[in-house]
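Read off the chains here:
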Amino acid sequence: MIVGAVLCECIIYDAHSLKEKRAVLQRVMSRLKQKYNISVSETDYQDLWQRTKLAIVTVSSSRKATERELQNALQFLDSFPEIERTITDIEWL
């Protein structure tokens, strides 16, 4: 069993309040969860309007399958024009 975790910092340029930030994050995170076999959560910068840190985690029987799922989730995250991924760290457990 392989656990893969991605921690990525993101910028939400068009958010002018925490309410707008939450609306963007809620939509992005729910779409990620629906489309991929992952768990996703905001782990840092909850009190900042335009910055967030997301944790994306998945578990599978092989490293290759885990890596594929995480890469697909990151590509999907990058497809949202309102959020930009900046710093990304991948950890294997």
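The structure presented is a predicted model; accordingly, all values stated were derived computationally and were not measured.

### So, unusual backbone geometry
Piece 1. Phi angles above zero are rare outside glycine, and Tyr-45 is one such case at about 60 degrees.
Piece 2. Residue position: Tyr-45 is located in the loop between β2 (39-44) and β3 (51-60).

### Some thoughts on the sheet that holds strand β1 (residues 2-11)
Backbone hydrogen bonds hold the strands of a sheet together, and the pairing may be parallel or antiparallel.
Piece 1. Spatially, 4 strands are ordered β2-β3-β1-β4 in an open sheet, and the strand pairing comes out antiparallel. The open sheet has two free edges, formed respectively by β2 and β4 (84-92), since each of these has just one partner strand. Taking each pair of neighbouring strands and ignoring which way they run, the sheet shows an average axis angle of 25 degrees.
Piece 2. Where β1 lies against β4, 7 bridges are found, and the strand directions are antiparallel. Bridge assignment links Cys-8 to a residue of β4, and that residue is Thr-88.
Piece 3. Together, β2 and β3 form the strand contacts of helix α1 (residues 18-35), whose direction differs from that of β2 by roughly 150 degrees.

### A word on the nonpolar core
One recurring pattern in soluble globular proteins: nonpolar side chains tend to sit buried together.
Piece 1. Ranked by internal contacts, the top residues of the largest apolar core, which has 22 residues, are Cys-8, Leu-32, Leu-54, Ile-56, Leu-77 and Ile-83.
Piece 2. Residue assignment for this core shows that the elements contributing at least two residues are β1, α1, β3 and α2 (63-78).

### Looking at the pairing of β2
Piece 1. In this sheet, β3 lies alongside β2 in antiparallel orientation, the contact comprising 5 bridges. By the bridge assignment, Glu-42 is partnered in β3 with Leu-54.
Piece 2. As consecutive antiparallel partners, β2 and β3 are separated by 6 residues, and within that stretch Tyr-45 has a phi angle of approximately 60 degrees, a positive value.

### Side note on the side chain of Glu-42
Piece 1. Mapped onto the secondary structure, Glu-42 falls in strand β2.
Piece 2. You can call Glu-42 buried: its relative accessible area is 19%.
Piece 3. Of note is the side chain of Glu-42, whose polar atom sits 2.9 Å from the side chain of Lys-21.
Piece 4. For Glu-42, the side chain forms a polar contact with the side chain of Thr-52, separated by 2.8 Å.
Piece 5. Among residues more than four places away in sequence, those in contact with Glu-42 are Lys-21, Leu-25, Met-29, Arg-51, Thr-52, Lys-53 and Leu-54.

Rules used in this analysis
- Residues numbered from 1 in each chain as written.
- Predicted model: local features only at pLDDT ≥ 70, side-chain atom pairs only at ≥ 80, totals over all residues.
- Heavy atoms only, no water.
- Helix = DSSP H or I, 4+ residues; strand = E, 2+ residues; numbered from the N terminus.
- Pairing = 2+ DSSP bridges.
- Axes fitted to C-alpha atoms, helices over the stretch in contact; angles between N-to-C directions.
- Contact = heavy atoms within 4.5 Å.
- Core = buried A, V, L, I, M, F, W, Y, C linked by side-chain atoms within 4.5 Å.
- Buried < 20%, exposed > 50% of the residue type's maximum accessible area, 1.4 Å probe, protein only.
- Polar contact = N/O pair within 3.5 Å; in protein donor to acceptor, adjacent residues only side chain to side chain.

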